[in-house]
Amino acid sequence: MAIGALPVRTDLAVDLIRFHPTAVRGNASEILALAGASSGGRGVDATDSTYTAATAAITFAREHDNVIAVSGPEDLITDGKAMVRVANGDALLTRMTGGGCALGSVIAAVLAVRGQISTLDATASAHVIYGIAAERAARGAAGPGSFAVRFLDALASLSPEEAVEAARVRAEHASTPEPNGAGA
Ligand SMILES: Nc1ncnc2c1ncn2[C@@H]1O[C@H](COP(=O)(O)OP(=O)(O)O)[C@@H](O)[C@H]1O
Ligand SMILES: Cc1ncsc1CCOP(=O)(O)O
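Now for a description of the structure that goes with this document. (Residues numbered from 1 in each chain as written. Chains lettered and ligands numbered in written order. Predicted model: local features only at pLDDT ≥ 70, side-chain atom pairs only at ≥ 80, totals over all residues. Heavy atoms only, no water.)

Helix and strand counts for the chain stand at 7 helices and 5 strands. Secondary structure elements in the chain, listed N-terminal to C-terminal, are α-β-α-α-β-β-β-α-α-α-α-β. For the chain, the C-alpha radius of gyration of 16 Å lies close to 16 Å, the compact-globule estimate for 184 residues. With the C-alpha coordinates aligned to their principal axes, the bounding extent of the chain is approximately 50 × 35 × 30 Å. Here the chain, with 184 residues, has 41% of them falling under the buried criterion. (Helix = DSSP H or I, 4+ residues; strand = E, 2+ residues; numbered from the N terminus. Rg over C-alpha atoms; globule rule 2.2 N^0.38 Å. Buried < 20%, exposed > 50% of the residue type's maximum accessible area, 1.4 Å probe, protein only.)

This is the structure:
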């Protein structure tokens, strides 16, 4: 949280990478700052698009052999080899304090019980579950306050079948632009 915006948090995040985290989540500006590609967003909020951060995320995942997740209107999750795009979510999440932090908790929870499922798929699944719960909560919410309460209820009651049915996910090869314009 606030990597880039607050030097103390940037230093801590860079230091924590030494411990080889299984997955790292941030918004686009946070991931760019972690990768040393920008100075960060506005406070805890992103000022960069997820697509701007895609190359940095892929490169970082390859260098550190882990999964990098970039949140935004469409989430990008990569292990450096594949890129999963998750379109589930609702903009009201950006108006709920802790919306990004809580996603980190859900990722950690799913990773803890992933069994034989890859880290990439488990991390992407967490984004799907979170995004679908947000979509359900937003229906009928009067604003960020009632949304937050409805969101927790939706997260607690979502079934695996409902998640599969409502998932909006695409997977593709993770490619980074080459200087000559070719993908790698
Ligand atoms: N414009 C948007 N539309 C729909 N969902 C969004 C939008 N922006 C962010 N989200 C969702 O909000 C959650 C938190 O992401 P984000 O707001 O980027 O994190 P942070 O709070 O760290 O900036 C993610 O699940 C993401 O998919
Ligand atoms: C400053 C702060 N302290 C605890 S949560 C929080 C903000 C979390 O940011 P986000 O809503 O982006 O997860």
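All right, on to the pairing of strand β3 (residues 75-78) then. By the alternation rule, side chains of β3 split into D75 and I77 and L76 and T78, which are all buried. With 3 bridges joining them, strand β2 (residues 67-71) and β3 adopt antiparallel strand pairing. What sits directly across from V70, in β3, is L76. Counted along the chain from β2 to the antiparallel partner β3, the turn is 3 residues long. By the bridge criterion, 4 bridges tie β3 to strand β4 (residues 82-86) in an arrangement that is antiparallel. Across the sheet, the residue bridging to L76 is R85, located in β4. Between β3 and β4, which pair antiparallel in sequence order, lie 3 residues; one of them, G80, sits at a positive phi of approximately 90 degrees. (Pairing = 2+ DSSP bridges.)

The subject of this paragraph is the site of ligand 2. All residues in the neighbourhood of ligand 2 are listed as M1, V44, M96, T97, G98, G99, G100 and C101. Separating an oxygen atom of ligand 2 from a backbone N or O atom of G98 is a distance of 2.7 Å. For ligand 2, an oxygen atom lies 2.9 Å from a polar atom in the backbone of C101. About the coverage of ligand 2: the protein hides 58% of its 370 Å² of free accessible area. By residue class, the composition of the shell around ligand 2 is 4 nonpolar, 4 polar and no charged. (Near = heavy atom within 4 Å. Polar contact = N/O pair within 3.5 Å; in protein donor to acceptor, adjacent residues only side chain to side chain. Areas by Shrake-Rupley, 256 points an atom, 1.4 Å probe, with all protein chains shown as cover. Nonpolar A, V, L, I, M, F, W, Y, C, P; charged D, E, K, R; others polar.)

Turning next to the nonpolar core. The biggest cluster of nonpolar side chains holds 21 residues, and the ones touching the most others in it are V24, I31, L34, I68, V70 and M83. A total of 7 residues in this core trace back to one element, the largest contributor, which is helix α3 (residues 50-64). Excluding residues within four positions of it along the chain, L34 makes contact with I3, A13, V14, I17, V24 and F60. Residues L93, L111, A137 and F151 belong to the second largest nonpolar core, which totals 18 residues. (Core = buried A, V, L, I, M, F, W, Y, C linked by side-chain atoms within 4.5 Å. Contact = heavy atoms within 4.5 Å.)

What follows is about the packing of helix α4 (residues 99-112) against helix α5 (residues 119-138). Remark: α4 packs on α5, axes separated minimally by 9 Å, with the N-to-C direction vectors making an angle of 135 degrees. The angle between α4 and α5 places the two elements in the oblique class. The hand of the α4/α5 crossing is right-handed. Contacts between α4 and α5 pair G99, A102, L103, V106, I107, V110 and L111 from the former with T119, A122, T123, A126, H127, I129 and Y130 from the latter. (Axes fitted to C-alpha atoms, helices over the stretch in contact; angles between N-to-C directions. Parallel < 35°, antiparallel > 145°, perpendicular 65-115°, else oblique. Left-handed = near helix turned anticlockwise from the far one by under 90°.)

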